[in-house]
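Descriptive structure summary
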Amino acid sequence: GPRGGGHGVPAALSSVVAGGGSGASSPGGAASPAASVASSDSSTVQVEAALMSSLAMEGRCTLTQALERHRFLEYDVPPHLYEGGIAEPITTSGRYYPSHVPFRVPPLKRLMPPARRGVRLAMVVTMYNEDDGELVRTMEGIAQNVTNFQRDLDAGKASGLPWQEIVVIIVSDGIEKVNEACVAKAEELGMLNFDAMYTAARGTWLINDATGRQEWVQLVEEESVEMHAFEFAPQLRPTGKWQREFGARYSPVQTVFAIKQKNGGKLDSHKWFFDAFAAEMQPEFVCLIDVGTMASPRAIVNLVGTMRRNPNIGGCCGEIAVGEVESAGKKGGSKWSNFVVAAQMFEYKISHCMDKALESWFGFITVLPGAFSAYRYRALVGDGDEPRGLDSGTGSYRRPIDKYFASLPDPHQRGRTVAEHDAFDANMYLAEDRILCFEIVASKGKQYTLHYTKNAVAHTDVPAELASLLKQRRRWLNGSFFAMLYSLRHFGRVLNDTRHPAWRKLLFAFELLYFVVNLVVTWLIIGSLYLSFKLILMSVCSESNPCASHFMTDLASGAEFFLSFLYLLTTGCVFVLSLGNDATAARFWFRLCGYSYAAMVILTTTIAVYGLTASTVSTGVVLGATALVAVYFISALIHGQLPYVVGSFVQYYVMVPVFINIFTVYSFCNIHDVSWGTKGAEVTAGKLVGTATKRHVGEEEAARLNEEQRQEAQKERKRLQEAAQKAKDKDAAFKFYRTKFVLFMMGSNWIYVTAVNKYCISTGNQSQYITVLAVVVIGLLAIRFAGAILYQLERVLKATCCKGYEESLARTDVRSTLLP
């Protein structure tokens, strides 16, 4: 039977059907309670129709015939969901409507009435099977921002937007995958009503006044339905500490809760948003959020404000911070004691303080995270006159959004599908958000830039176990590596096809050189880490060191041999484990390798500290290492993140070999696995041929029908066999590509290590290698440090000199640059 709504909404709901949309014939069975409907081909008609079986239930039932074949069910919501707030049709009643066409929805008339200017900001929240707590956190963060948009408008600030011009689209990836607790919470908040969906699927008996005939009206065709949408504007109540600041209720949040019939992945959910909802609404700005991510009260306001101040900013992102609630998991302890979580916290903070700040100052951020970012809609789809598909002259996509979805088949246009991608392209599209960022900056005839907005903070949960983090980084590292190769290969478009000023192109050229050096360092990082261990041990534990104590002299050879052997053994185990093993199945062994690396870091550090006390390490090395660490702390201080960086530095330092060796090796050893953006995607093999329709036919006719069915069945079996063989061949090709890639990586690192050993270390000229390595490391770090300073300097100067910029720093003003 139907699932009841969590808020007591009756099963009998108001039916809304389009002219000509009802069934022409009624199925057999017992007659239902009579209801009447007026027929109209040109106007909207509303007629009360009370079903006798629902007289004892709350609510009303109306039948509406809408224009443009727009069919929906309309239902009242309980008064307690809007009492004390705003009472408008969208806050007092909900609507359900299905979509039977992929990536298309009916006209959103209630969200875009003619009297309004339209939708200015559209947000998409993607979800899979997250729990109710994550949904509530995300919605509360959005509600806080919508309320602040309205408050700014009421106060006459330029950053204000009315809540009626903001729409949130929640896209759930598959009706069978949705979390039951999440559904119950959404129904409790009025955002879902499965009674409406089941009523629409079952249909209802209606009497057509024009014909006097009883007809069966069914909105949902179960075999062809693609999506179920529920439209409502909840007015959430603030919880905890937010009650004092926001009062009894937040402003209404116009929400469409869209549940896809099938699981297609996050990228497919984004395609539903852009091709269906955003194409209908044509918003000025769009914001991408993952469920579970909670934006701070003014984070989205500040992101939109960044783009409103500068029309050349095509997209921006804020800071993603480790969440405060259950971020370390049930078994992982706090986020400080859990080394996996704490190391990620350090990485997140430093990446924003230095990397995002530097790239923002250049004008090209390599990735705007899909978990929390915002874009100018015209920067994604063009000015409206650009055709879709490939440009025959350049071979590139005309619209950035088309390149973003290039790995998905589109039933509405002919194009390349994911099945036709080679291993390089398939891995590149693991980071489709990076490809999108490059395409925006490289838009032909445009001068769009990407920016980082420091005072737009959103908290999210991070993996608390090594196996989960390993799976996440496999997608991130492979996608970012191949996406960077794509960007470098096509960087000429940025310099030749865009309208960026000359000084900006000069910055882009310098950034290109910076990316190339980083790519080389990444490729040789495994060998470099091994050589660093070896040189530290040699400098302290060498038997020829005259300053070593008797204890160190006795153990020098043994310590150096043991630690070098342990390092190589552990790294070899990581390679073996990474080839063909799932991270979850082999989590114990990966954890054991992590402990081995951590022990090596602790032992090597202890030996190095002992060498400092024994004066076996040069003062220059000591000062250099101290300066490197100080750069991180100073950058964190400038950006107001010093307590977090200091508190998580030790955890990250111990896990450095894990982040470098285990993550890199596991990622590159699994480049044949391209399961990103199509998580659990369902593939329909085709409808099998069924039996003939039952009717009286002669023997000859029956034989002919049977022969046709036999031939069709043979064709279907052949098609399935060919598809299976093609998938098998593709898997074999991807695995062979993986083999060549890993062999090349291992070979190049082996040549690198062997060359340094033979020509530098063995000859006693290791100082030459150390000098080159120091120049590269210090040079890259100096550029990042300069970016951190320049970003904050630009921000402070704008706040001081530019009128109106103080508004963008509301609640996180200039003083926050020196305070956490």
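It should be noted that the structure appears before, not after, this text.
Here goes a summary of the coordinates provided.

The rules behind the values
Residues numbered from 1 in each chain as written. Predicted model: local features only at pLDDT ≥ 70, side-chain atom pairs only at ≥ 80, totals over all residues. Heavy atoms only, no water. Helix = DSSP H or I, 4+ residues; strand = E, 2+ residues; numbered from the N terminus. Buried < 20%, exposed > 50% of the residue type's maximum accessible area, 1.4 Å probe, protein only. Contact = heavy atoms within 4.5 Å. Areas by Shrake-Rupley, 256 points an atom, 1.4 Å probe, with all protein chains shown as cover. Phe/Tyr/Trp six-rings, centres within 6.5 Å; stacked < 30°, edge-to-face > 60°. Lys NZ or Arg CZ within 6 Å of the ring centre and 35° of its normal. Axes fitted to C-alpha atoms, helices over the stretch in contact; angles between N-to-C directions. Parallel < 35°, antiparallel > 145°, perpendicular 65-115°, else oblique. Left-handed = near helix turned anticlockwise from the far one by under 90°. Nonpolar A, V, L, I, M, F, W, Y, C, P; charged D, E, K, R; others polar. Salt bridge = Lys/Arg side-chain N within 4 Å of Asp/Glu carboxyl O. Polar contact = N/O pair within 3.5 Å; in protein donor to acceptor, adjacent residues only side chain to side chain.

**Describing the overall build of the protein**
Counting its secondary structure elements, the protein contains 23 helices and 17 strands. Relative to its full complement of 820 residues, the protein shows a buried share of 51%. By sequence separation, contacts in the protein at least 24 residues apart represent 79% of the contacts at least 6 residues apart. Carbon and sulfur atoms make up 59% of the accessible area of the protein, which totals about 37,200 Å².

**Re the packing of aromatic side chains**
Summed over the entire model, instances satisfying the criterion amount to 44 aromatic pairs. Members of the aromatic cluster, each reached through a chain of ring pairs, are Phe 346, Tyr 632, Phe 633, Phe 649, Tyr 652, Tyr 653, Phe 659 and Phe 663. Residue placement shows Lys 271 over the ring face of Phe 103; its charged tip is 5.2 Å from the ring centre. Sitting above the plane of the Tyr 644 ring, Lys 349 keeps its charged end 4.4 Å from the centroid.

**Regarding the packing of helix H13 (residues 466–489) against helix H21 (residues 656–668)**
Each pair of packed helices can be described by the angle between their axes along with the distance between the axes. Taken N-terminus to C-terminus, the directions of H13 and H21 make an angle of 70°; their axes are 8 Å apart at the nearest point. With respect to their mutual orientation, H13 and H21 come out roughly perpendicular. Of the two elements, H13 crosses H21, and the hand of that crossing is right-handed. The residues of H21 that touch H13, namely those facing Leu 466, Leu 469, Leu 470, Arg 473, Arg 474, Leu 477, Asn 478 and Phe 481, are Val 658, Phe 659, Ile 662, Phe 663, Thr 664, Tyr 666, Ser 667 and Phe 668. Across the contact of H13 with H21, the residue classes break down as eleven nonpolar, three polar and two charged.

**What to know about the environment of Ala 586**
The topology assignment puts Ala 586 in the loop between helix H17 (550–578) and helix H18 (587–613). In the structure, Ala 586 is positioned 119 residues away from Ala 467 in sequence and 8.2 Å away in space, judged by C-alpha atoms.

**Observations regarding the pattern of salt bridges**
On inspection of all chains with the given rule, the structure shows 23 salt bridges. Arg 120 serves as the salt-bridge partner of Glu 165, at 3.6 Å between the closest nitrogen and oxygen. Of the two residues, Glu 165 sits in the loop between helix H2 (132–154) and strand S8 (166–172) while Arg 120 sits in the loop between strand S6 (93–99) and strand S7 (121–127), which places them 45 residues apart along the sequence. Judged by its relative accessible area of 5%, Glu 165 falls in the buried class. Residue classification places Arg 120 among the buried residues on the basis of a relative accessible area of 17%. Taken together, the shared-partner salt bridges connect Arg 120, Glu 165 and Glu 284 into one network.

**Side note on the side chain of Gln 641**
Among the secondary structure elements, Gln 641 is positioned in the loop between helix H19 (619–638) and helix H20 (642–654). In this structure, Gln 641 is in contact with Glu 319, Lys 349, Cys 353 and Ala 636, ignoring residues within four places of it in sequence.

**Brief notes about the environment of Asp 275**
Looking at the secondary structure, you find Asp 275 in helix H6 (residues 266–281). Along the primary structure Asp 275 and Ile 401 are separated by 126 residues, whereas in three dimensions their C-alpha atoms are 9.8 Å apart. Within the structure, Asp 275 has its side chain in polar contact with the side chain of Lys 271 (distance 2.8 Å).

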